[in-house]
Amino acid sequence: MSVMSPHPNALTIAKESMAMSKESGSQVFQTVAMVSMVAMALASLTSSGHMLLRDLNKKYDADKDKGQGRGR
């Protein structure tokens, strides 16, 4: 097992849990790793969606100010 940095991110924790589950054969560590990986994937998708929505709203507002809104 590697030494963890003082401020580990969620991916590091998930990788360590997966490694621990393989070494010990424990189902608990594997479950923790899988749950944290799914949570990270959902958080990543939510963050990406938020950025896309924010950019689309800025474009919509700019077009609306020019008089070229979606309704025209």
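Our subject is the structure that appears above.
Rules used in this analysis
- Residues numbered from 1 in each chain as written.
- Predicted model: local features only at pLDDT ≥ 70, side-chain atom pairs only at ≥ 80, totals over all residues.
- Heavy atoms only, no water.
- Helix = DSSP H or I, 4+ residues; strand = E, 2+ residues; numbered from the N terminus.
- Buried < 20%, exposed > 50% of the residue type's maximum accessible area, 1.4 Å probe, protein only.
- Areas by Shrake-Rupley, 256 points an atom, 1.4 Å probe, with all protein chains shown as cover.
- Axes fitted to C-alpha atoms, helices over the stretch in contact; angles between N-to-C directions.
- Parallel < 35°, antiparallel > 145°, perpendicular 65-115°, else oblique.
- Left-handed = near helix turned anticlockwise from the far one by under 90°.
- Contact = heavy atoms within 4.5 Å.
- Nonpolar A, V, L, I, M, F, W, Y, C, P; charged D, E, K, R; others polar.
- Expected span 1.5 Å × (residues − 1).

Chemist: Help me understand the overall build of the protein in this model?
Modeler: A count of helices and strands for the protein gives two helices and zero strands. Expressed as a percentage of the 72 residues in the protein, the buried residues total 11%. Carbon and sulfur atoms make up 63% of the accessible area of the protein, which totals about 5900 Å².

Chemist: What should I look at first to understand the packing of helix 1 (residues 10-24) against helix 2 (residues 27-66) in this one?
Modeler: Two numbers describe a pair of packed helices, the interaxial angle and the distance between the axes. Following both chains from N to C, one finds helix 1 and helix 2 inclined at 155 degrees, their axes separated by 8 Å at the closest point. With respect to each other, helix 1 and helix 2 are oriented roughly antiparallel. For the pair helix 1 and helix 2, the sense of crossing is left-handed. Residues A10, L11, A14, S17, M18, M20, S21 and S24 of helix 1 form the contact with helix 2, whose participating residues are F29, Q30, V32, A33, M34, S36, M37 and M40. In terms of residue class, the contact of helix 1 with helix 2 is made up of 11 nonpolar, five polar and no charged.

Chemist: Explain helix 1 to me, please; I cannot follow it from the model alone.
Modeler: Count 3.6 residues to each turn of an α-helix, and residues three or four apart come out pointing the same way. Helix length check: helix 1, at 15 residues, gives a terminal C-alpha distance of 21 Å against a target of 21 Å (1.5 Å per residue), a fit within 8%. Along helix 1, the positions that sit buried rather than exposed are A14, E16, S17, M18 and S21.

Distances and angles like these do not, on their own, reveal function.
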